[in-house]
Amino acid sequence: MIVSVPKEIKNQEYRVGITPAGVRALVDAGHKVLVEKDAGTAIGIADADYTAQGATIVNTAKEAWSGDMVVKVKEPLEPEYQYFREGMVLFTYLHLAAEPELTKALISKKVTAIAYETVQLPTRVLPLLAPMSEVAGRMAAQVGANLLTKKEGGMGLLMGGTAGVPAANFVVVGAGVVGFNAAKVAVGMGAKVTIIDNNIDRLRQIDDLYGNQIQTIFSNSLNIAHAVKEADVVVGSVLIPGAATPQLVTEAMVKTMKPGSVIVDVAIDQGGAVETTAKHGATSHDNPTFMFNGVVCYCVGNMPGAVARTSTFTLTNATLPYMVQLANKGWKEACKANESLAKGLNTHEGKVFFKGVADKFGMECHALSEVL
Ligand SMILES: NC(=O)C1=CN([C@@H]2O[C@H](COP(=O)(O)OP(=O)(O)OC[C@H]3O[C@@H](n4cnc5c(N)ncnc54)[C@H](O)[C@@H]3O)[C@@H](O)[C@H]2O)C=CC1
Ligand SMILES: CC(=O)C(=O)O
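Calculation criteria
Residues numbered from 1 in each chain as written. Chains lettered and ligands numbered in written order. Predicted model: local features only at pLDDT ≥ 70, side-chain atom pairs only at ≥ 80, totals over all residues. Heavy atoms only, no water. UniProt positions renumbered as here; feature names shortened; annotations may be inferred. Axes fitted to C-alpha atoms, helices over the stretch in contact; angles between N-to-C directions. Helix = DSSP H or I, 4+ residues; strand = E, 2+ residues; numbered from the N terminus. Parallel < 35°, antiparallel > 145°, perpendicular 65-115°, else oblique. Left-handed = near helix turned anticlockwise from the far one by under 90°. Contact = heavy atoms within 4.5 Å. Nonpolar A, V, L, I, M, F, W, Y, C, P; charged D, E, K, R; others polar. Buried < 20%, exposed > 50% of the residue type's maximum accessible area, 1.4 Å probe, protein only. Polar contact = N/O pair within 3.5 Å; in protein donor to acceptor, adjacent residues only side chain to side chain. Pairing = 2+ DSSP bridges. Near = heavy atom within 4 Å. Areas by Shrake-Rupley, 256 points an atom, 1.4 Å probe, with all protein chains shown as cover. Phe/Tyr/Trp six-rings, centres within 6.5 Å; stacked < 30°, edge-to-face > 60°. Expected span 1.5 Å × (residues − 1). Bend = angle between axes of the 7 residues up to and from the residue.

If you look the chain up in an unreviewed UniProt entry, it shows as Alanine dehydrogenase from Taurinivorans muris. Entered under Catalytic activity (unreviewed entry) in the UniProt record, the comment concerning the chain runs "L-alanine + NAD(+) + H2O = pyruvate + NH4(+) + NADH + H(+)". A UniProt comment under Sequence similarities (unreviewed entry) is attached to the chain, and it reads "Belongs to the AlaDH/PNT family."

Next up, the structure:
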């Protein structure tokens, strides 16, 4: 099989879908790997590092989209839709419930699209979302701390406070991988941390691990409203896998926040957990914030792109075994053999196979058993 890897084109996105070690694994298994010129140069992976492991460097995006399977990081952007074609297997983040135009393009061009973020283990863990959620969660605490400074529009608070002066009140809505990592780093910075989730077992785990260092609160609108009103930083990190995110932090709640407080809506890629950021839409690394009622709002849809070298290795450690299965067996046999991978199938032959996406756009959801 020919596996091809385009250079990412999203704003400030320097991650790459494959590392030299990934090229070696695919080449050793008998596949040909095409990597777009300079795909990894910005993060210290030279074209020569790829060719040394057996990749062929191609000069144009068109060639880099020509493989039987195209491996990427971010959801394709409009200029990339021209490369879609029937029979192509696309393995990348897609977030289709928040991407109506991309969904239409994949359907009309009959692409077989397998989304990293909906591959799911029997334990319900999302093994290809978790690595970037770990990065984005850790970043959310750093971003929140930075945005609290006067220069960034914040009220001029130091996350950990000082002896005699209280620490910032850091509230996380959604205690999954993003939320837990955000809370963990915020605790390390000395913030007063509260985490909210509707999964009581998850809250118990965090309570067992962190005791009084993290206040756990069960999710309901009253509890969220109270916590948001008192917060200096709110992190949005709720997810219903593959579906549009419920906007649990309403605009009315945001209006109760103090001027100079901060929202970091990490969940923006699935639509956003905060009504205000969801309405605004994702921001970019070049222009990451906007002000609403005195509150600094940050909702960059590709946060891990800012730490692209760490993120590339963290992501591909997780994606490579699935990539090798898809290349060795072909998508259909690989999905038949691996139920977790099969859950990644979002579109094929012009049909939608993921319920969260079908429900969002009022389309029919086809059963995997129709094709596997
Ligand atoms: N902006 C960016 O660059 C990035 C965004 N993300 C996004 O962050 C979001 C969170 O991802 P993960 O932490 O990996 O997901 P996860 O599945 O690990 O955690 C989601 C949490 O939300 C909780 N939840 C669901 N309904 C809830 C409710 N009604 N009230 C409170 N909590 C509720 C779940 O119980 C779960 O603990 C996703 O949308 C993901 O795509 C992830 C990485 C990068
Ligand atoms: C999860 C995702 O979309 C990202 O890492 O950019």
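The rest of the description comes next.
A. Molecular detail of the packing of helix 1 (residues 20-28) against helix 11 (residues 308-329). One way to put it is that helix 1 packs onto helix 11 with a least axis distance of 10 Å and a crossing angle of 25°. As judged from the angle between their axes, helix 1 and helix 11 are roughly parallel. As for how helix 1 packs across helix 11, the hand of that crossing is right-handed. Seen from helix 1, the contacting residues are A21, G22, A25 and L26; seen from helix 11, they are L320, M323, V324 and A327. Looking at the contact of helix 1 with helix 11, its residues break down into seven nonpolar, one polar and no charged.

B. Layout of the side chain of T283. In this fold, T283 is placed in the loop between helix 10 (275-280) and strand 12 (289-292). Relative accessible area serves as the criterion here: at 10%, T283 is assigned to the buried category. Separated by 3.3 Å, the side chain of T283 and the backbone nitrogen of V300 make a polar contact.

C. A look at the sheet that holds strand 13 (residues 295-298). The seven strands are arranged 9-8-7-10-11-13-12 in an open sheet whose pairing can be described as mixed. The sheet is open, and its two borders are formed by strand 9 (214-218) and strand 12, each paired with just one other strand. Taking each pair of neighbouring strands and ignoring which way they run, the sheet shows an average axis angle of 20°. Here helix 5 (residues 130-147) sits on the sheet and contacts strand 7 (169-173), strand 10 (233-236), strand 11 (262-265), strand 12 and strand 13; the angle it forms with strand 11, its principal contact strand, is near 155°. Most of the contacts of helix 6 (residues 177-188) go to strand 8 (residues 192-197), to which it runs at about 170°, and overall it touches strand 7, strand 8, strand 9 and strand 10.

D. Looking closely at the site of ligand 2. In the vicinity of ligand 2, the contacting residues are R15, K74, Y93, H95, L129, M132, D269, G301, N302 and P304. At 2.8 Å, a side-chain N or O of R15 approaches an oxygen atom of ligand 2. The contact in question runs from an oxygen atom of ligand 2 to an N or O atom on the side chain of H95, over 2.7 Å. For ligand 2, the protein covers 95% of the area, taking 210 Å² as the surface of the free molecule. Residue composition of the shell around ligand 2, by class: four nonpolar, three polar and three charged.

E. Quick peek at the packing of aromatic side chains. Enumeration over the complete set of coordinates arrives at six aromatic pairs. Ring centres of Y93 and Y116 lie 5.0 Å apart, and the angle between their planes is 85°; this geometry places the pair in the edge-to-face category. Placement of Y93 in the loop between strand 5 (89-92) and helix 4 (100-108) and of Y116 in the loop between strand 6 (112-115) and helix 5 is noted, with a sequence separation of 23 residues between them. As far as the burial class goes, Y93 and Y116 line up, both buried.

F. Local environment of the site of ligand 1. Around ligand 1 sit 27 residues in total, of which S133, V178, D197, S219 and M303 are the nearest. Between V177 and ligand 1, the recorded distance is 3.0 Å, taken from a backbone N or O atom to an oxygen atom. M303 places a main-chain nitrogen or oxygen 2.7 Å from an oxygen atom of ligand 1. Relative to its unbound accessible surface of 870 Å², ligand 1 loses 89% to contact with the protein. For the shell around ligand 1, the secondary structure elements donating two or more residues are helix 5 and helix 6. When residues in the shell around ligand 1 are grouped by element, the largest group, three residues, is from helix 5.

G. How the structure looks around unusual backbone geometry. Despite not being glycine, H95 shows a phi value in the positive range, around 50°. Examined against the element boundaries, H95 turns out to sit in the loop between strand 5 and helix 4. Exposure remark for H95: the relative accessible area of 3% places this residue in the buried category.

H. Broad picture of the environment of M363. Its place among the elements puts M363 in the segment after helix 14 (355-361). Once the C-alpha coordinates of M363 and T41 are considered, the two residues, 322 residues apart in sequence, prove to be 41 Å apart. Residues in contact with M363, not counting those within four places in the same chain, are T103, I107, V352 and A358.

I. Here's a closer look at the packing of helix 5 against helix 6. Orientation of helix 5 relative to helix 6, taken along the N-to-C sense of each, is 35°, at an axis distance of 7 Å. Between helix 5 and helix 6 the crossing geometry is right-handed. Here A130, S133, E134, G137, R138, A140 and A141 of helix 5 come into contact with helix 6, specifically with V177, V178, N181, A182, K184, V185 and A186.

J. Helix 11, seen in detail. Along its 22 residues, helix 11 runs 30 Å from first to last C-alpha, staying within 8% of the 32 Å computed at 1.5 Å per residue. Largest kink in helix 11: about 40°, centred on T319, with the proline P321 one to four residues after it. G330, located one to two residues past helix 11, shows a positive phi value of around 85°.

K. Structural context of the side chain of E80. With respect to the helices and strands, E80 occurs in the loop between strand 4 (69-71) and strand 5. In this structure, E80 is in contact with K7, I9, W65, K72 and E75, ignoring residues within four places of it in sequence.

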